[in-house]
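Fold and geometry: a report
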Amino acid sequence: MTNGEVALLGIRHHGPGSARAVAAALAQWQPDAVLIEGPAEADAVVHLAAEKDLVPPVALLAHAVDDPAKAAFWPYAEFSPEWVAIRHAVDHDLPVRFIDLPAGYGFAPFTDADADADDHAADGAGPDELPADPLALLAEAAGHDDPERWWEDVVEHRAPGADALAPFAAVAEAMGALRAEGLGESRRDQLREAHMRQQIRAARRAGHRRIAVVCGAFHVPALETMPTVAHDRALLAGLPKKVRVDITWIPWTHRRLSQATGYGAGVQSPGWYHHLFTAVGDPVPRWLTRAAELLRAEDHPVSSAHVIEAVRLAETLAVLRGRPLAGLTETLDAVRAVLCEGSDVALELVRERLVVGDALGEVPDAAPAVPLQRDLARLQRSLRLKPAAAPRDLDLDLRKDTDAARSRLLHRLRLLGVEWGVPARSSVNSTGTFRESWRLCWQPEFAVRIAEAAQWGTTVEEAAVNKAVGTARAAVELAELTGLVETCLLAGLSGALPAVMRVLADCAALDTDVAHLAGALPALVRALRYGDVRGTEHGALAGAAAGLAERVCVGLPPACVGLDAESAAAMRARIDEVHGAIALLDPAASGTGTDTGTDTGGLADRWAAALRSLARREPTAGPATGAPGLLRGRAVRLLLDDGRLDSEEAGRRLRLVLSVANAPADAAGWVEGFLTGGGALLLHDPRLLALLDEWLGGVSGEVFTDVLPLLRRTFAGLEAGVRTTIGGRVAAGPLGVAPAAPEAVGELDPDRADAAVPVLAVLLGVGPKIPRQRAGRNT
């Protein structure tokens, strides 16, 4: 409404109907200044709205200079009334000012409990976010149980009339009636409204005679009747000390607008609202056409006839429900019934892509930014990695320079807390270490994390190096340090490795816990493999890995004595990891070892000796005097798989464990450790299966109840085919020892053997075919 020289345009934030109404009112009123509810610091960057590269959705980001983690956002979409007012001002070369309390006050504690920093930063999202929803009360008074639907009917779907200011007068009157009852007022609101009034007075003093004020409808009554200047000064005298703040524009997303947090958030259908605001003519047929195109692209059979019927159904539903125009509810009902043929799965696709949407805004290079942000933008351009709100998969071949650089950037950002990329399962059928797969998805909040990370350096590499060194110095766990070393290798942070390795060496020298050492070793060995792919110098890393492995070999057997069930399970996982790591570290352990350039001096042999020692650590006077059966059985299985123990010896050990002299629970644990990782050996060596069957058949009923959970867990972990075959053999009858191989009779006859060679050659496909004999001839 107008008040002398001021037109108060009360709006609902992020409403396309309000945006159209504001555009019409500004065109009719023709102000010489535009004032907008928003942080006062934004005056310094509002001129960037004239840049063609500032494309909504965007947001104002304000953060405390001394503590970037304290930040707040003010997002705007193309259908936001504030954005329409900003664009009108810059297009007509009018002064535009933000009149809300400066954001610097939002990061300082208020004395009132309801005016803390978070609430203040999030405030301004319209009357529908107040504790008691004024829109709900107005909708109830009008006979509607859904305030969102009521607002759509009376505002969003209403075309501007001859008097573009009339709707704002009606909204102001309704809000005045509600505020007369004292609904929703707080000290925070009083402070904000006092500041807004001060800014309106300042605009008058500046000589402006036609001032348009765009603010939340709830604030209009407080701005209509101005109290004295002294009154407002007295209110504002209670403000805390203002914090220094930096402010800029950042890209925003429609999906982020739909989340019910922060200023102006909670818009359930930003994609739909964008369509309502930008579509020319009847929006429903156009939107249903877009939905049909989307479904056809996903291989759903949707024709033009489907679209026509969906339009008719949506319009009919609107009439039956007494609505002036088909809204989102009617349109989605038509989509589900006609286009999706009742499928909620297809409907969810429409909701995600069109109702919410993945639009991501853009900001110009001229927007203020910390140097770290500018360096990241440069890297994104040079590596052709454009941020996008929609998740996408990225497969990298680290043998290519560009892909290797992309990998380093993504790993460095993860170290800085910017999870733009998350490692994912590769879509390429390859197990080589030169392959990496990522799932990329840019989030607006990353702007805050980049501002926080700016304390570590002005470039991504410098910040990552300093962050790695700082993290290493603050680390207390050895596994955390080895994981950090692995990250440094992946991120190509050679500048951080010396400092991190010094901290690692000091920590490893002081740590005597074998479990910690065992948990740290695999990450170091993985880092060596990654270093090979990336061409990284890792001599010190290889030496540290070999040293850790030596200490694990020495300390493992005694460290396994007297462990309880939970600790034994954790140690078994550590043993498996170390076993794989040593196989990679020592080329002599297997054909897949990593040649690190460091002499491991028979590390695989020492590890095998440690496993043998562990396998012999049987309890002699109670469980506390020996290693748990789970670990002893696991040690035997690892030795057997590596060929350092034959099946006959493994069977002998199993026979001893399953004897009546051993506790059944310990024997069941031994079997679990022995069979973990695959039970096919029970099929290849029937003697082991017969021993196990004989032991299980002789266990008493009471003891069987105790060991059953362990056995069930053991056999549940075996392959389905192995379980089926074992069950079939047991069901077929008593299991005996496999028959011995027949002894060779006599010596080999070379002439008879040579006669069979041509036939064998044909069978194997390596010799000439034997001509088929004619029928009736003797062969």
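Computed from a prediction, not measured in an experiment: that's the story for all the values here.

Some thoughts on the packing of aromatic side chains
- Tallying each qualifying case throughout the model produces eight aromatic pairs.
- Here F73 and W252 contribute two aromatic rings whose centre-to-centre distance is 4.9 Å and whose plane-to-plane angle is 50°, an arrangement assigned as tilted. Taken together, the residues span a long stretch of sequence, with F73 in strand β5 (residues 71–76) and W252 in the loop between β8 (245–251) and α11 (254–257) at a distance of 179 residues. The two residues F73 and W252 agree in class, both being buried.

Brief notes about the side chain of H195
- Within the element layout of this structure, H195 appears in helix α8 (residues 187–205).
- For H195, the contacting residues outside a window of four places in its chain are I99, D100, L101, P102 and L236.

Remarks on unusual backbone geometry
- Residue P57 is bonded to the preceding P56 through a cis peptide linkage, with omega at 10°.
- With respect to the element layout, P57 can be found in the loop between β3 (33–39) and β4 (58–64).
- The phi torsion at Q30 lies on the positive side, around 50°, for a residue other than glycine.
- Relative to the assigned elements, Q30 resides in the loop between α1 (16–29) and β3.
- On the accessibility criterion, Q30 (57% relative accessible area) is exposed.

Focus: the sheet that holds β4
- Here three strands make up an open sheet; going across it, the order is β5-β4-β8 and the pairing antiparallel. In the strand order of this sheet, the two ends are held by β5 and β8, each with one partner. Adjacent strand axes in the sheet meet at a mean angle of 20°, parallel and antiparallel pairs treated alike.
- In terms of strand pairing, β4 meets β8 through seven bridges, oriented antiparallel. Counterpart to A64 in the pairing with β8 is V245.
- Where helix α19 (residues 446–453) meets the sheet, it contacts β4, β5 and β8, and its direction lies at approximately 30° from that of β4.

Considering the pattern of salt bridges
- Per the stated rule, a full pass over the model turns up 34 salt bridges.
- The salt bridge partner of R255 is D358, with a shortest N-O separation of 2.6 Å. Here D358 lies in the loop between α16 (344–356) and α17 (371–382) and R255 lies in helix α11, a separation of 103 residues in the sequence.
- With relative accessibility at 24%, the residue D358 sits in the partly exposed group.
- Salt-bridge contacts for R606 lead to E550; the nearest nitrogen and oxygen are separated by 2.3 Å. With R606 in helix α26 (residues 603–615) and E550 in helix α24 (residues 539–559), this pair connects stretches of sequence that are 56 residues apart.
- Judged by relative accessible area, which is 29%, R606 ranks as partly exposed.
- What emerges from the salt-bridge pattern is a single network uniting R321, R323, E330, D333, R336 and D344.

Section: the confidence of the model for the protein chain
- In this model, the protein chain carries a mean pLDDT of 81, and residues with pLDDT of at least 70 account for 83%.
- Overall, residues 589–600 carries pLDDT values under 50, and its contacts beyond four positions in sequence, including any with other chains, amount to 28 contacts.
- Residue range residues 770–779 is modelled with pLDDT below 50. Its contacts to residues more than four positions away, or to other chains, number three contacts.

A closer look at the sheet that holds strand β9 (residues 392–397)
- If you trace the three strands from one edge of the open sheet to the other, you get β9-β11-β10, paired in antiparallel fashion. This sheet does not close on itself; its edge strands, each paired only once, are β9 and β10 (421–423). Strand-to-strand, the axes of this sheet are offset by a mean angle of 35°, without reference to chain direction.
- As paired strands, β10 and strand β11 (residues 435–440) are joined by three bridges and run antiparallel to one another.

Here we look at the packing of helix α13 (residues 283–297) against helix α15 (residues 328–339)
- Taken N-terminus to C-terminus, the directions of α13 and α15 make an angle of 40°; their axes are 11 Å apart at the nearest point. Judged by the angle between their axes, α13 and α15 are oblique. Handedness of the α13/α15 crossing: right-handed. Between α13 and α15, the residues in contact are V284, W287, L288, A291, A292 and L295 and T331, L332, V335 and L339, respectively.
- Its residues assigned to classes, the contact of α13 with α15 comprises nine nonpolar, one polar and no charged.

Things to note about the nonpolar core
- Counting residues in each nonpolar core, the largest one holds 89 residues, and the members touching the most others are V485, L493, L521, I575, W607 and F674.
- Tallying contributions element by element places helix α23 (residues 514–534) first for this core, with nine residues.
- F674 has contacts with G633, R634, V636, R637, L640, A650, L681 and L688, leaving out every residue within four places of it along the chain.
- In terms of nonpolar packing, the next biggest core, distinct from the first, is built from 43 residues, I11, A21, W29 and A212 among them.

Digging into the pairing of strand β2 (residues 6–11)
- Counted residue by residue, β2 has six buried out of six residues, so it is predominantly covered.
- On β2, burial covers both faces: V6, L8 and G10 on one face and A7, L9 and I11 on the other are all buried.
- Summarising the sheet, β2 and strand β7 (residues 211–216) pair through six bridges and their orientation is parallel. Looking at β7, one finds that I11 is bridged to G216.

A word on helix α29 (residues 664–675)
- Its twelve residues place the ends of α29 16 Å apart at the C-alpha level, agreeing with the 16 Å of an ideal helix rising 1.5 Å per residue.
- Counting buried residues along α29, ten of its twelve residues qualify, which places the element largely inside the surrounding structure.
- Buried residues along α29 sit against α25 (565–585), α27 (629–641), α28 (647–657), α30 (681–684), α31 (686–698) and α32 (701–716).
- Of the residues trailing α29, G677 is marked for its positive phi of about 100°.

Side note on a nonpolar patch on the surface
- Side chains of V759, L760 and L763 sit close together on the surface and give an oily, nonpolar patch of about 310 Å² of accessible area.
- Tracing the sequence through the fold places L760 in helix α34 (residues 750–764).
- With relative accessibility at 49%, the residue L760 sits in the partly exposed group.

Focus: the packing of α26 against α27
- Packing of α26 against α27 brings their axes to within 8 Å, and their N-to-C directions diverge by 140°. If you check the angle between α26 and α27, you find them oblique. Here the hand of the crossing between α26 and α27 comes out left-handed. Along its contact with α26, which presents A608, L611, R612, L614 and A615, the element α27 presents L631, R632, A635, V636, L638 and L639.
- Split by residue class, the contact of α26 with α27 holds nine nonpolar, no polar and two charged.

About the cut-offs
- Residues numbered from 1 in each chain as written.
- Predicted model: local features only at pLDDT ≥ 70, side-chain atom pairs only at ≥ 80, totals over all residues.
- Heavy atoms only, no water.
- Phe/Tyr/Trp six-rings, centres within 6.5 Å; stacked < 30°, edge-to-face > 60°.
- Helix = DSSP H or I, 4+ residues; strand = E, 2+ residues; numbered from the N terminus.
- Buried < 20%, exposed > 50% of the residue type's maximum accessible area, 1.4 Å probe, protein only.
- Contact = heavy atoms within 4.5 Å.
- Pairing = 2+ DSSP bridges.
- Axes fitted to C-alpha atoms, helices over the stretch in contact; angles between N-to-C directions.
- Salt bridge = Lys/Arg side-chain N within 4 Å of Asp/Glu carboxyl O.
- pLDDT = per-residue confidence, 0-100.
- Parallel < 35°, antiparallel > 145°, perpendicular 65-115°, else oblique.
- Left-handed = near helix turned anticlockwise from the far one by under 90°.
- Nonpolar A, V, L, I, M, F, W, Y, C, P; charged D, E, K, R; others polar.
- Core = buried A, V, L, I, M, F, W, Y, C linked by side-chain atoms within 4.5 Å.
- Expected span 1.5 Å × (residues − 1).
- Patch = residues over 30% accessible without salt bridge, like charges linked within 9 Å, V, L, I, M, F, W, Y side chains within 5 Å.
- Areas by Shrake-Rupley, 256 points an atom, 1.4 Å probe, with all protein chains shown as cover.

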